[in-house]
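# Structural overview
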Amino acid sequence: MPELPEVEVTKQGVYPHIINKKIGGVTIRHYQLRWPVSEDLPRCATGQIVLGVRRRAKYLLLQLKTGIILIHLGMSGSLRFLTRFSEPAKHDHLDIMFTDGSLLRFRDPRRFGAVLWFTEAIDQHPLLSKLGPEPLDAKFSGEYLFDRLKNQRRAIKLAIMDNVIVVGVGNIYANEALFRAKIFPGCAANQISLEQCQNLVKQIKEVLATAIQMGGSTLRDFVDSDGKAGYFQQTYAVYGLQNQPCPVCGAMIAMLKLGQRSSFYCPSCQK
DNA sequence: CTTTGCACCTGTTGGC
DNA sequence: TGCCAACAGGTGCAAA
């Protein structure tokens, strides 16, 4: 579920509830996530204050005094804030409890997510040190993208989904942004002109920013929500819509596999 | 170096 | 209705 907008909205939703709170304990019910949950997390985190809540790419980072709790939601993860303890459900693998009785609960049915404790600086951590710029940062520009793509023969969609080029562009928004930029997803990256790169960057920023805004307004139920901690259903122009008419020209939307991921495009609009 | 394909896991969907 | 294969929004890593 979580693409970057969901992670950002999760961060914003959870932030006011946990900032400056003191961790009273960490309960781990299932260690086996993408990587095993850090065994020393409870010992290291207990007694510390949450000094900051940040997002880098799709990683959520809880800043404590002596280290950082890194949380990744994988494909199916979610975080909820509970004002008081309730019985955990099947895939509620981990609780970060606060001294006032409230808690942050991590759920992840597919267990592609991660919860790690680390003490090095953010740009030193192996998972974070090689990441490209944030898509909404000014450093991610048309000129930058054009420069990075000039020697790449792989498909443009694969390139913009590569964390080294730019972080946070997942399968859904890669498809949507390429549609809006009228670029065929399988087009070789080094065939994209500077003008196209500028437009593509603009579309990526717009489609992500709009989704974040929508998410922020449509769900505020990170607190004590009993269902899935909210992901928002958005309407897409092409994603998942093969054999449906293109909203711009009416041609049938097509599908092809690129790097084992489904790619949707309008054969008439996207060249 | 670039590029490709696999692996990790469970839940849902669609075709027969 | 029931069963089973295919697929799902991520991403690090090994191998080519």
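Sequence order as written defines the numbering, with residues in each chain counted from 1. Note on labels: chains are lettered from A, ligands numbered from 1, in written order. Given that this is a predicted model, residues contribute local features only at a pLDDT of at least 70 and side-chain atom pairs are listed and counted only at 80 or more, while totals for whole chains, interfaces and linings are drawn from all residues.

### Describing the overall build of chain A
Numbering of helices and strands runs from the N terminus, with a helix taken as a DSSP run of H or I at least four residues long and a strand as a DSSP run of E at least two residues long. When you go through chain A residue by residue, the secondary structure sums to six helices and ten strands. Its C-alpha atoms give chain A a radius of gyration of 20 Å, near enough to 18 Å, the size a compact globule of 271 residues would have. Seen along its three principal axes, the alpha-carbon backbone of chain A occupies a region of about 60 × 35 × 30 Å. Neighbour counting defines burial: a residue surrounded by 20 or more other C-beta atoms within 10 Å of its own C-beta is buried, one with 12 or fewer is exposed, and intermediate counts give partly exposed, using backbone-placed C-beta atoms. Expressed as a percentage of the 271 residues in chain A, the buried residues total 39%. With C-beta atoms placed from the backbone, a contact is any residue pair whose C-beta atoms sit within 7 Å. In chain A, the share of contacts with a sequence separation of at least 24, taken over all contacts with a separation of at least 6, comes to 66%. Put simply, the radius of gyration uses C-alpha atoms, and a globule should come to 2.2 Å times the residue count raised to 0.38.

### Describing the protein's contact with DNA strand B
Around DNA strand B sit Gln32, Arg34, Lys90, Pro109, Arg110, Arg111, Phe112, Asn151, Gln152, Arg153, Arg154 and Leu158, and those are all the residues in its vicinity. For the surface near DNA strand B, the class distribution of residues is three nonpolar, three polar and six charged. Any residue whose C-beta atom, as set from the backbone, lies within 6 Å of a molecule or strand is reported as near that molecule or strand. Under this grouping Gly is polar, as are all residues other than the nonpolar Ala, Val, Leu, Ile, Met, Phe, Trp, Tyr, Cys and Pro and the charged Asp, Glu, Lys and Arg.

### Re the pairing of strand E7 (residues 103-107)
In terms of burial, E7 is largely enclosed, as five of its five residues are buried. Across the two faces of E7 the burial is the same, with Leu103, Arg105 and Arg107 and Leu104 and Phe106 all buried. A strand pair is defined by DSSP finding two or more bridges across the two strands. Pairing of strand E5 (residues 78-82) with E7 involves five bridges; the strand directions are antiparallel. Among the inter-strand pairings, Ser78 is bridged to a residue of E7, identified as Arg107.

### A short note on the nonpolar core
The term nonpolar core refers to a set of buried Ala, Val, Leu, Ile, Met, Phe, Trp, Tyr and Cys residues connected through C-beta atoms within 7 Å. With 71 residues, the main nonpolar core has Ile69, Val115 and Ile160 as its most contacted residues. With seven residues, the single largest contributor to this core is helix H6 (residues 194-218). When near neighbours in sequence (up to four residues on either side) are disregarded, Ile69 contacts Leu41, Ala45, Leu62, Leu64, Val115 and Trp117.

### Let's talk about unusual backbone geometry
A positive phi angle is found at Ala57, which is not glycine, with a value near 55°. You can see Ala57 is positioned in the loop between strand E2 (52-56) and strand E3 (59-63). In this structure, Asn243 takes a positive phi of about 70° despite not being glycine. Note on placement: Asn243 falls in the loop between H6 and strand E9 (254-258). For Asn243, a count of 8 C-beta atoms within 10 Å corresponds to the exposed category.

### With respect to the sheet that holds strand E4 (residues 68-72)
By definition, the strands of a sheet pair up through backbone hydrogen bonds, in either a parallel or an antiparallel sense. Ordered in space as E2-E3-E4-E8, the four strands form an open sheet in which the pairing is antiparallel. Two strands in the sheet have a free side with no partner beyond their single neighbour: E2 and strand E8 (114-118). Averaged over all neighbouring strand pairs, the angle between strand axes comes to 20°, with direction disregarded. Only the stretch in contact is used when fitting a helix axis, every axis being a line fitted to C-alpha atoms; angles between N-to-C directions are given from 0 to 180 degrees. Here helix H1 (residues 4-18) sits on the sheet and contacts E2 and E3; the angle it forms with E2, its principal contact strand, is near 175°.

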